[in-house]
Amino acid sequence: MISKKMETALNGQINAELYSAYLYLSMEAYFESENLPGFAKWMRAQTQEEVTHAMKIYDFVNERGDRVTLKSIEQPPTKWKSPLDAFEAVYRHEQKVTGLINKLMDLAIKGKDHAANTFLQWFVNEQVEEESSVDTVLQELKRAEGAAGAMFMIDRELGQRVFTPPATAGEE
Ligand SMILES: [Fe+2]
Ligand SMILES: [Fe+2]
């Protein structure tokens, strides 16, 4: 019974990761429309990263002999008031995802699902990194207070982010 619960929960997390990708892709489009190519590039890398998260879970579900079932992905917002507003939304979203990962972990512990527990540990650590890197940008944006020069610098800095795809599926 507990394994069925885990299957459902992991499928839910695939959806949450794909929604994250969708949200960040929408933010990329927003930043493009605001002529902030560096922010847009950062969001593209973020989107690609979220897709790899979804695929990691997808592969894990299959490896366990469980069944992946895809549900519809909610429409993300399309507009934000400012780059700061967008990054505040990113931060809130990542905190929400951290909560979801923690709930999955609780389920793994409760069900003595050691494989899921080990698998989910990567995500627990990843969320710490995600929240921290988003918070760094958020603090820079707060300090910039929308000043053109500072925004230009942040845009240039964010534009240096490169997405590195995982070497092989299921690695780490
Ligand atoms: Fe993720
Ligand atoms: Fe994320």
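Refer to the structure presented above.
Read on for a plain summary of the structure.

What counts, and where the lines are drawn
Residues numbered from 1 in each chain as written. Chains lettered and ligands numbered in written order. Predicted model: local features only at pLDDT ≥ 70, side-chain atom pairs only at ≥ 80, totals over all residues. Heavy atoms only, no water. Donors = N, O, S within 2.8 Å, 3.2 Å for Na, K, Ca; no water. Helix = DSSP H or I, 4+ residues; strand = E, 2+ residues; numbered from the N terminus. Buried < 20%, exposed > 50% of the residue type's maximum accessible area, 1.4 Å probe, protein only. Core = buried A, V, L, I, M, F, W, Y, C linked by side-chain atoms within 4.5 Å. Contact = heavy atoms within 4.5 Å. Salt bridge = Lys/Arg side-chain N within 4 Å of Asp/Glu carboxyl O. Tetrahedral: all angles 85-135°; square planar, octahedral: opposite > 155°, others 65-115°. Phe/Tyr/Trp six-rings, centres within 6.5 Å; stacked < 30°, edge-to-face > 60°.

Notes on the coordination of the iron ion (ligand 1)
Ligation of the iron ion (ligand 1) by protein atoms is provided by Glu17 (OE), Glu50 (OE) and His53 (ND1), these donors lying 2.1 Å from the ion. All donor residues of the iron ion (ligand 1) come from one chain, and their arrangement in sequence is E-x32-E-x2-H. In this structure the iron ion (ligand 2) is found 3.3 Å away from the iron ion (ligand 1), and Glu50 serves as a bridging donor for the pair. Within this pair, whereas Glu17 is found in helix H1 (residues 2-33), its partner Glu50 is found in helix H2 (residues 37-63), the two being separated by 33 residues in sequence. Taken as a pair, Glu17 and Glu50 share a single burial class, namely buried.

Comments concerning the nonpolar core
Among soluble globular proteins, nonpolar side chains are generally buried collectively. Core analysis: the biggest nonpolar cluster contains 24 residues, and Met27, Phe31, Phe39, Met43 and Phe87 have the highest contact counts within it. Elements with a contribution of two residues or more to this core: H1, H2, helix H3 (83-110), helix H4 (114-144) and helix H5 (148-158). For this core, the element with the highest residue contribution is H1, accounting for six residues. Phe87 has contacts with Phe31, Phe39, Trp42, Met43, Val134, Val137, Leu138, Leu141 and Leu158, leaving out every residue within four places of it along the chain. Among the nonpolar cores identified, the runner-up in size contains 18 residues, and Ala54, Ile57, Leu107 and Ala116 belong to it.

Let's talk about the pattern of salt bridges
Per the stated rule, a full pass over the model turns up five salt bridges. Its salt-bridge partner being Glu7, residue Lys4 comes within 2.8 Å of it at the nearest N-O pair. One end of the pair, Lys4, and the other, Glu7, are both in helix H1, three residues apart, so they sit about a helical turn from each other. Given a relative accessible area of 12%, Glu7 falls into the buried group. For Asp113, the salt bridge identified is with Arg64, shortest N-O distance 2.9 Å. Of the two residues, Asp113 sits in the loop between H3 and H4 while Arg64 sits in the loop between H2 and H3, which places them 49 residues apart along the sequence.

Focus on the coordination of the iron ion (ligand 2)
At 1.8 to 2.6 Å from the iron ion (ligand 2) lie its protein donor atoms, namely Glu50 (OE), Glu94 (OE), Glu94 (OE) and Glu130 (OE). Viewed at the metal, the four donor atoms of the iron ion (ligand 2) are separated by angles of 53 to 150°, and the geometry they form is irregular. In terms of primary sequence, the donors binding the iron ion (ligand 2) are separated according to E-x43-E-x35-E. According to the relative accessible area criterion, Glu130 is buried, its value standing at 3%.

Focus on the packing of aromatic side chains
Counted by the stated rule, this structure contains nine aromatic pairs. Both rings, one in Tyr30 and one in Phe31, keep their centres 5.0 Å apart while their planes meet at 55°; by these two values the pair is tilted. No difference in accessibility class separates Tyr30 from Phe31, as the two residues are buried. Taking the centre distance of 6.3 Å and the plane angle of 40° together, the rings of Phe31 and Phe87 count as tilted. Of this pair, Phe31 sits in helix H1 while Phe87 sits in helix H3, and the two are 56 residues apart along the sequence. The same class applies to Phe31 and to Phe87, which are both buried. Clustering of aromatic rings is evident, with ring pairs tying together Tyr30, Phe31, Phe39, Trp42, Trp80 and Phe87.

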